[in-house]
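Chain and residue survey
Residue-level listing of the chains:
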Amino acid sequence: MKKLKTQIIARILFLAMLAGTVTAATSCGDEKQPEDTNPISTGDDTSAADEDTTLTDNVPKLDFGGAEFRTIDQQSMIYVLYADELNGDLVNDAIYERNKKIEERFNITFAETQKYNETEIGNMVTRAVMSDSDEFDLVFGQMYNSASNAVNGIYTNWYDVPYVDFDKPWYVKAIEESSIDGKLYMVESDLSMGYFEQTWMMLYNKTKAEDYPDFPNLYDVVDEGKWTLDLLNSLSADMYTDLDGNSTRDDTDFYGFAGTPGECMIAAMVYGAGARLVELDKDLNIVDHMKDERTIDTLTKISKLIYENNGTITKENALGATRRELFPKGNIMFEVMQANDLIRSDFNMRNADFEFGVLPLPKYDEAQDEYYTVVDGGASIMTIPKTVQNLEMVGAIVEAMSAASYNDVLPVYSGIAVAQKGTRDDESIRMLRQILDSRILDFGYLYSGVDANKGWVIRLKGIIAKSDTITSKIESAKDAAEAYYESVIEFMTTEE
């Protein structure tokens, strides 16, 4: 496995030299991305790497007789499964080349991806299934909306789809923990560009860090397993600086940490600390972890970081007010951000006046074995309508396309994301791949629901508002949250 990782990193570093600028997708906050795009182009003559590091799928030789493969995705996505032509944008061109190879390999044609808002996607698929109409082969719907629609019985069980191998690295870690009673209606792989774009991670201001003599080499800290919530709290605590001397904490000052009490970001940090919200035991009984000592302590650390740390600036609209406005201007040392923030044209991170570094979300403590993250609940997730007729084609294409995305598309995207003024940070590329490999998607997160009356994720904002009331707020919401999760299980266990 170590040799395999080394090969993948080498391939990523090679493809990262093709860096440029693009725009990307929106987040749990549902702010639309900018309409303009900046093509990624290069005049460099590149050649294949000396060593073939490609990982292959196990799909056999198949011929689908020129069949059309039809997809639908969220309108907020810039990059989807389909690309109609080469245009000099490196990500678009990698998608285009991938698609042509798959079309030739399986004798299919990709139809142009239809794009709608998340609610309309669910309604369209529901209408198609209710009318027994085979209209889409693969749907990229919003995660939380898709989970809500799953209990309406409109999706195909992925365990019934041939050729899909969840042991392959292009599927998200722990995806099968989302299954209930042998049913798995939603999956994520590197084929879903939105799932890459909205991966939660952390950025830090490398240039500003040089002003602090005792500031550690954070890449070494991560590699040594010592990047923790406590270290983040301590490093950021004394960094507030009144730059304009007006004795007022405002946007012109410098802060150690910027964040928001947004539910999805809080959940990402909880998972990053190795905690879970809800799991199922072998008998499909709910195991609620919200009252676990580790979970409560994690939530307390997060609450103190956001609300009590002297070096923190907190705003409700983190996407616009801190992630887009403050961090790109160099006013923040640490901020929890998404992969798409690196490439959005309105963030303009590529032309920032400072160097930044990519880090995983911090662990709970040094004893935690791995770093983890989740993807924003607004990201796209893959489903198959129940009325699809050719599951063999869908399974073969999803598996082959996921492998091709892992090998040929995501490395290009990763290199572009960390490019800065024509240079690249090889360590950040390595960290980004590590972060992507650490993504988790389990039952408690996926089926949390889209409003505060359902699962735990949307309740987190209120829970951490005061560090000394976390336990009591969990206790008051526990029965309602568990009843909601039990309703999901009840549907899954009675669905034929």
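Please refer to the structure higher up on the page.
Quick look at the structure, then.

Attention now moves to the nonpolar core. If you look at the biggest cluster of nonpolar residues, it comprises 160 residues, and the most contacted ones within it are Phe-106, Trp-158, Trp-227, Leu-299, Phe-334, Tyr-447 and Trp-456. Sequence-distant contacts of Trp-158, defined by excluding residues within four places in its chain, comprise Leu-138, Val-164, Phe-166, Leu-184, Tyr-185, Met-186, Val-187, Met-382, Thr-383, Ile-384 and Val-398.

Attention now moves to the pairing of strand 13 (residues 380–383). Side chains Ser-380 and Met-382 of strand 13 all project onto a buried face; the interleaved residues Ile-381 and Thr-383 project onto the opposite face, where all are buried too. Relative to strand 13, strand 5 (residues 138–142) is paired through four bridges, and the arrangement is antiparallel. Looking at the pairing, Phe-140 lines up with Met-382 of strand 13.

Before going further, it helps to examine the pairing of strand 5. Here strand 5 lies mainly inside the structure; five of its five residues are buried. Pairing of strand 2 (residues 71–74) with strand 5, which is carried by three bridges, proceeds in the parallel orientation. Residue Thr-71 lies in a different strand from strand 5, and its bridge partner there is Leu-138.

We now examine the pattern of salt bridges. A full pass over the atoms with the stated rule returns 21 salt bridges. The shortest N-O distance in the salt bridge between Asp-230 and Lys-301 comes to 2.7 Å. Of this pair, Asp-230 sits in helix 8 (residues 229–237) while Lys-301 sits in helix 10 (residues 293–308), placing them 71 residues apart in sequence. Each of Glu-177, Arg-276, Glu-279 and Asp-442 takes part in a single network of salt bridges with overlapping partners.

Attention shifts here to helix 10. In this model, helix 10 (16 residues) spans 21 Å end to end at C-alpha, consistent with the 22 Å of a helix rising 1.5 Å per residue. Listed as buried for helix 10 are Thr-295, Ile-296, Thr-298, Leu-299, Thr-300, Lys-301, Ile-302, Ser-303, Leu-305 and Ile-306. Looking at the buried residues of helix 10, the elements they touch are helix 8, strand 7 (255–259), helix 9 (263–272), strand 10 (312–314), helix 15 (460–463) and helix 16 (470–494).

In contact at an axis separation of 9 Å, helix 2 (residues 90–106) and helix 12 (residues 391–417) are set at 160° when each is read in the N-to-C sense. Between helix 2 and helix 12, the angle falls in the class roughly antiparallel. The crossing of helix 2 and helix 12 is right-handed. In this structure, helix 2 uses Leu-90, Val-91, Ala-94, Ile-95, Arg-98, Asn-99, Ile-102, Arg-105 and Phe-106 to contact helix 12, whose residues at the interface are Ala-396, Ile-397, Ala-400, Met-401, Ala-404, Ser-405, Asp-408, Val-409, Val-412, Tyr-413 and Ile-416.

Attention now goes to unusual backbone geometry. A negative phi angle is the norm for most residues apart from glycine, just as the trans form is the norm for most peptide bonds. In this structure, Tyr-163 is a non-glycine residue whose phi angle is positive, near 75°. Its place among the elements puts Tyr-163 in the loop between helix 4 (143–150) and helix 5 (193–197). Even without a glycine there, the phi angle at Leu-284 is positive, about 65°. Along the polypeptide, Leu-284 turns up in the loop between strand 8 (278–280) and strand 9 (286–288).

A few words on the sheet that holds strand 12 (residues 356–359). Taken in spatial order, the five strands line up as 10-7-11-6-12 in an open sheet, and their pairing is mixed. The sheet is open, and its two edges are formed by strand 10 and strand 12, each paired on a single side. Going from strand to strand, the sheet's axes swing by 25° on average, the running direction of each strand aside. Strand direction decides the pairing type here: strand 7 and strand 10, joined by three bridges, are parallel. Note that in strand 10 the partner of Phe-257 across the bridge is Thr-312.

Another point: the packing of aromatic side chains. Counted by the stated rule, this structure contains 19 aromatic pairs. Through a chain of ring-to-ring contacts, the aromatic side chains of Tyr-204, Phe-215, Tyr-219, Trp-227 and Phe-334 assemble into a single cluster. One Lys or Arg, Lys-208, reaches over the ring of Phe-254 and ends 4.8 Å from the middle of that ring.

Read from one edge to the other, the open sheet built from four strands follows the order 4-2-5-13, with strand pairing classed as mixed. This sheet does not close on itself; its edge strands, each paired only once, are strand 4 (114–116) and strand 13. Looking at each pair of strands side by side, their axes are set apart by 25° on average, direction ignored. In the packing of helix 4 onto the sheet, the strands contacted are strand 5 and strand 13, and the crossing angle to strand 5 comes to about 110°.

Mapped onto the elements, Arg-98 comes out in helix 2. Reaching out from Arg-98, the side chain makes a polar contact with the side chain of Asn-99 at a distance of 2.9 Å. Ignoring any residue separated from it by four or fewer positions in sequence, one finds Arg-98 in contact with Val-80, Leu-81, Leu-191, Met-401, Ala-404, Ser-405 and Val-409.

Procedures and definitions
Residues numbered from 1 in each chain as written. Predicted model: local features only at pLDDT ≥ 70, side-chain atom pairs only at ≥ 80, totals over all residues. Heavy atoms only, no water. Core = buried A, V, L, I, M, F, W, Y, C linked by side-chain atoms within 4.5 Å. Buried < 20%, exposed > 50% of the residue type's maximum accessible area, 1.4 Å probe, protein only. Contact = heavy atoms within 4.5 Å. Helix = DSSP H or I, 4+ residues; strand = E, 2+ residues; numbered from the N terminus. Pairing = 2+ DSSP bridges. Salt bridge = Lys/Arg side-chain N within 4 Å of Asp/Glu carboxyl O. Expected span 1.5 Å × (residues − 1). Axes fitted to C-alpha atoms, helices over the stretch in contact; angles between N-to-C directions. Parallel < 35°, antiparallel > 145°, perpendicular 65-115°, else oblique. Left-handed = near helix turned anticlockwise from the far one by under 90°. Phe/Tyr/Trp six-rings, centres within 6.5 Å; stacked < 30°, edge-to-face > 60°. Lys NZ or Arg CZ within 6 Å of the ring centre and 35° of its normal. Polar contact = N/O pair within 3.5 Å; in protein donor to acceptor, adjacent residues only side chain to side chain.

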